[in-house]
Amino acid sequence: PAGDVKSMRAAMASKGFGSKAAPNRVGDVWLWYGRPDWDPLFEYVVKNRPVQNKRYDIGCCFCGMTVIGKQLKKACLKHSDDSSEVYFHLHKENF
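Residues numbered from 1 in each chain as written. Predicted model: local features only at pLDDT ≥ 70, side-chain atom pairs only at ≥ 80, totals over all residues. Heavy atoms only, no water.

### Focus: the nonpolar core
Phase 1 of the analysis: The biggest cluster of nonpolar side chains holds 14 residues, and the ones touching the most others in it are W38, F42, C60, L72, C76, V86 and F88.
Phase 2 of the analysis: Mapped onto this core, the elements with two or more residues apiece are α2 (38-47), β3 (56-63), α3 (66-79) and β4 (86-93).
Phase 3 of the analysis: For this core, the element with the most residues is α2, which contributes 5 residues.
Phase 4 of the analysis: If near-sequence neighbours (up to four positions away) are discounted, C76 is found in contact with F42, C60, F88, H89 and L90. (Core = buried A, V, L, I, M, F, W, Y, C linked by side-chain atoms within 4.5 Å. Buried < 20%, exposed > 50% of the residue type's maximum accessible area, 1.4 Å probe, protein only. Helix = DSSP H or I, 4+ residues; strand = E, 2+ residues; numbered from the N terminus. Contact = heavy atoms within 4.5 Å.)

### Details of the side chain of R49
Phase 1 of the analysis: Its place among the elements puts R49 in the loop between α2 and β3.
Phase 2 of the analysis: Within the buried set, R49 has no salt-bridge partner at all; the shortest N-O distance to an opposite charge, 7.3 Å, is to E85.
Phase 3 of the analysis: A distance of 2.4 Å separates the side chain of R49 from the backbone oxygen of V46, its partner in a polar contact. (Lys, Arg positive; Asp, Glu negative; His and termini not counted. Salt bridge = Lys/Arg side-chain N within 4 Å of Asp/Glu carboxyl O. Polar contact = N/O pair within 3.5 Å; in protein donor to acceptor, adjacent residues only side chain to side chain.)

### Some words on the pairing of β4
Phase 1 of the analysis: Alignment of β3 against β4, held across 8 bridges, turns out to be parallel. The residue bridging C60 from the neighbouring strand is L90, located in β4.
Phase 2 of the analysis: With α3 bridging β3 and its parallel neighbour β4, the resulting β-α-β unit is right-handed. (Pairing = 2+ DSSP bridges. Right-handed = clockwise from strand over helix to strand, strands pointing away.)

The structure is reproduced here in structure tokens:
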């Protein structure tokens, strides 16, 4: 059904964000090394959410360097929006 994890995963794979056999994919989680270009990924998620006019709280998990975490936090804030009711929340851990 529309709105399930498999639908979003398939849609993301079709746009090059990973595929079932992608080396950067573990189950329903995609991993990037280095500094990815966050904007296209966040924009894709916002535009292709399964149900429009429904609130989405999306967690972004991050473990790594503080400087990259700050960039990801800015991206979460930039792409969170009251009009679309999509809110990204950063969950980070630094060692």
